[in-house]
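Single-letter residue listing:
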Amino acid sequence: MVNKVALLIGVSEYEPDLNALPGSVKDVDAMQRVLVNPEMGEFAETNITVLKNPQRQGMEDAIHRLYADRHRDDLVLFYFSGHGIKDERGNLYLSTRNTRKENGKLVKPSAVAASFLHECINDCRSQRQVIILDCCFSGAIAQGMTVRDDGIVNVQEQLGGKGRAILTSSTSTQYSFAPEGAELSIYTRYLVEGIETGAADHDEDGWISVGGLHDYASIKVQEAAPAMTPKFYPVEEGYKINLARAPVGDPKLMYRRKIEEIARKKQGEISPINHTTLEELRDSLNVSSEEANAIEAEVLQPYVIRKQKLQRYQQALSKAIKRQNLLSDEDWNDLGGLQQILRLRDEDVAPVIERYQNKNSERQPTEDENSSNKKTTPLQKSRWKLLVFGLVSVALGVGINQIWLNQPQLPEPIPTNPTPDPNDRFPEVKDADVPSGTFNYGLSTSWAPIRGIVDREIQKAFPNFKLVYVDFPLEETGSLTSIEKLLDKSVAFAQYSYPLTEQQQKRFKEISIANDGVAIAVNPKLNLTGLTLDQLKRIYTGKITNWNQVGGPDLEIKPLSRNVAGGTVKFFKEKVLGDPEYSFSPQLVKTVQSTTLGLREVFKEKGSIYFASAPEIVGQCDVKPLWLGKDTNHLVPPYQKSTEEKISECPDNPNKLYKANVGAFSDQSYPLTRKLYVVVKLDGSIDQKAGEAYAKLLLTRQGQGLIEAAGFGKISK
């Protein structure tokens, strides 16, 4: 007999050095309510263990019992709501009633190590395991850890096997968010709502899968607290585990879905025309006005919460302006702290700040104010008001042999000098300009070819300038985690592939060192030459779903993307989709953890499409890069002929004989061209000097020649 067993733990009471979390025990009650409901979770009450404010030993015993002696087909659910705490090494611990700190550091024996939970999971025979962590830094559960004789391993390998999934309310570096006065924590609230209402049944098949539930809760959380990022770590087909039943054809659910659709498009605003539409739908579904109003209020509440937080931010800004018309750097830093507490992104507060800037520009500043204003004006501006490409989609039907072998427009290679004379290396940079010491750096995956070619030559020229690349977990690897890593001193300087926000530029400096092209990879057997930006947009928004719609074969398109931590993903969304914060539909776009896995997927699935930095795609045997353009008359290839004589290791795919089109990246004639940056803290430290020295070396004649050899375009000075 298949059993469904669960352990629900909520910790609300703590020692004086940790804040109480009254909602945590209520979270447990809410989860228990939906799990035991015979029309929802269908868990037997006797199979659910509830612990409220346990001691460490009792909590570990319960975790051990949950996973011990389970059968292969049992569904095993672990849920935790409380404080998540990281030690000085970044390891995650789950708090207990007696968890405490001494001198600001966690007393480890007073909490349950995430590694203990991992061990129990690994020892369990069940192939249907669900772990839900609603706590700060919960994404750290996915970090590598030491296990029996295996050293440090990746979470996907460590949790290898069928049907396992981890849902977390935040990333490994984020605090989770509990609205003041709220009954439940924000993440659990929407998990429960998704089950109780059935709204998390995205495919409307009568079942709420783990993946569907996380998608629903994640969207709702980010509507209310945009800077909070729930994470999902499925293993094998863990995302398909069915956690609860959902009503099929329920009128109230149909009405809810329509309101959610309108609210999402209109950012929580329901126009008079939309209200009329909803009234007609309500009547046709025989939903009472009281029920309809209650549903509408529930759906719109996340938007109301966000609006209230923006109003608090605006009120604080207005009070500061009344006190002194021109705000100081300290004022802007304080506002930045408030923004972080409210879980608002730069894009959310940008319109508020722009109104202040516009109002302030109406008055004529004095000469002293004018110089001060240059220093204190906030450097945040919204980047989501971008021009959306709307060019006409035209089918392309050129044969594969012509694509590769008979392309007369293919650019001739630009000669480079990748290895300068050892006696004449980086003469523009003096030894005194380069500090001695060991400096951690890294983060942007797009920089990998530069690290492999250029940095090696820097190390030869300046042996006392030791560069150590830090290999972070996959979820934390990317440009968009760089600021966090600079602040906590995980790296001395960062390699970046997306511009800093103007708020960030007050504390950090970006130095442009190269031009990179983002290339589009498809299967080498796909009979297609290229795409327009508009066609690419339609593919990633679900408007084009078959390759025959763009002149290719009758084959379903399967879009892929890397995780959101990467600057490449945000650049693609901004340049192609017109919105850097656009959320891919999880039903349409499959997420892969790395470019290696993305390219492997493209090779395995003929209909797949993936985007990444051109040097990571061009020259690969397993994929083919497409020509790209704003329209069909201006298609530009991301590759060019190689000057090197090579014997192709994949004779059916000439991509191996090509290299990145650095000329098109340098003059930015390739439509998806972006800059790469070195980012340093403006704190006058030796780390800042190291980052500036590194950038200076890359911008020398030799450095730029090596950058071209790595597949990137030179920076115009």
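The structure presented is a predicted model; accordingly, all values stated were derived computationally and were not measured.

Draft legend 1. Molecular detail of the sheet that holds strand E2 (residues 48-52). Ordered in space as E2-E1-E3-E9-E12-E14, the 6 strands form an open sheet in which the pairing is mixed. On the outer flanks of this sheet lie E2 and strand E14 (231-235), each paired with one strand and no other. Neighbour to neighbour, the strand axes of the sheet diverge by 5° on average, direction disregarded. As paired strands, strand E9 (residues 128-134) and strand E12 (residues 164-168) are joined by 5 bridges and run parallel to one another. Opposite Ile132, over in E12, you have Leu167 as the bridge partner. On top of the sheet, helix H3 (residues 114-123) reaches strand E3 (75-81), E9 and E12; it is set at about 165° to E9, its chief contact.

Draft legend 2. Structural context of the pairing of E3. Counting buried positions along E3 gives 7 out of 7 residues, so the element sits mostly inside the fold. Taking every second residue as pointing to the same face, both faces of E3 are buried, with Leu75, Leu77, Tyr79 and Ser81 on one and Val76, Phe78 and Phe80 on the other. The sheet contact formed by strand E1 (residues 4-10) and E3 spans 7 bridges and is parallel. Residue Leu8 lies in a different strand from E3, and its bridge partner there is Tyr79.

Draft legend 3. Inspection of the sheet that holds strand E4 (residues 84-86) at higher detail. The antiparallel open sheet is built from 3 strands, whose spatial order is E4-E5-E8. Among the strands making up the open sheet, the edge pair consists of E4 and strand E8 (112-113).

Draft legend 4. Region of interest: the pattern of salt bridges. All chains considered together, the criterion is met by 21 salt bridges. Across the pair Arg100 and Glu102 runs a salt bridge whose closest N-O atoms are separated by 3.9 Å. Relative accessible area serves as the criterion here: at 47%, Glu102 is assigned to the partly exposed category. Its salt-bridge partner being Asp534, residue Arg538 comes within 3.0 Å of it at the nearest N-O pair. With Arg538 and Asp534 both in helix H16 (residues 533-540) and 4 residues apart, the pair spans about one turn of that helix. Connected via shared salt-bridge partners are Glu13, Glu15 and Arg97.

What counts as what
Sequence order as written defines residue numbering, which begins from 1 separately in each chain. With the structure being a predicted model, the display of local features is reserved for residues of pLDDT at least 70 and the display and counting of side-chain atom pairs for 80 or more, all residues being used for whole-chain, interface and lining totals. Hydrogens are left out, water is left out, and the side-chain values use all remaining heavy atoms of the structure. Should DSSP find at least two bridges between two strands, the strands are taken to pair. Only DSSP runs of H or I reaching four residues or more are called helices, and only runs of E reaching two or more are called strands; each is numbered from the N terminus. With axes taken as lines fitted to C-alpha atoms, and helix axes fitted only over the stretch in contact, angles between N-to-C directions fall between 0 and 180 degrees. Note on contacts: a residue pair qualifies if any of its non-hydrogen atoms lie within 4.5 Å across the two residues. Accessibility here uses a 1.4 Å probe with only protein chains present; expressed as a share of the type maximum, an area under 20% marks a residue as buried, one over 50% as exposed, and anything in between as partly exposed. Each reported salt bridge corresponds to a side-chain nitrogen of Lys or Arg within 4 Å of a carboxyl oxygen of Asp or Glu.

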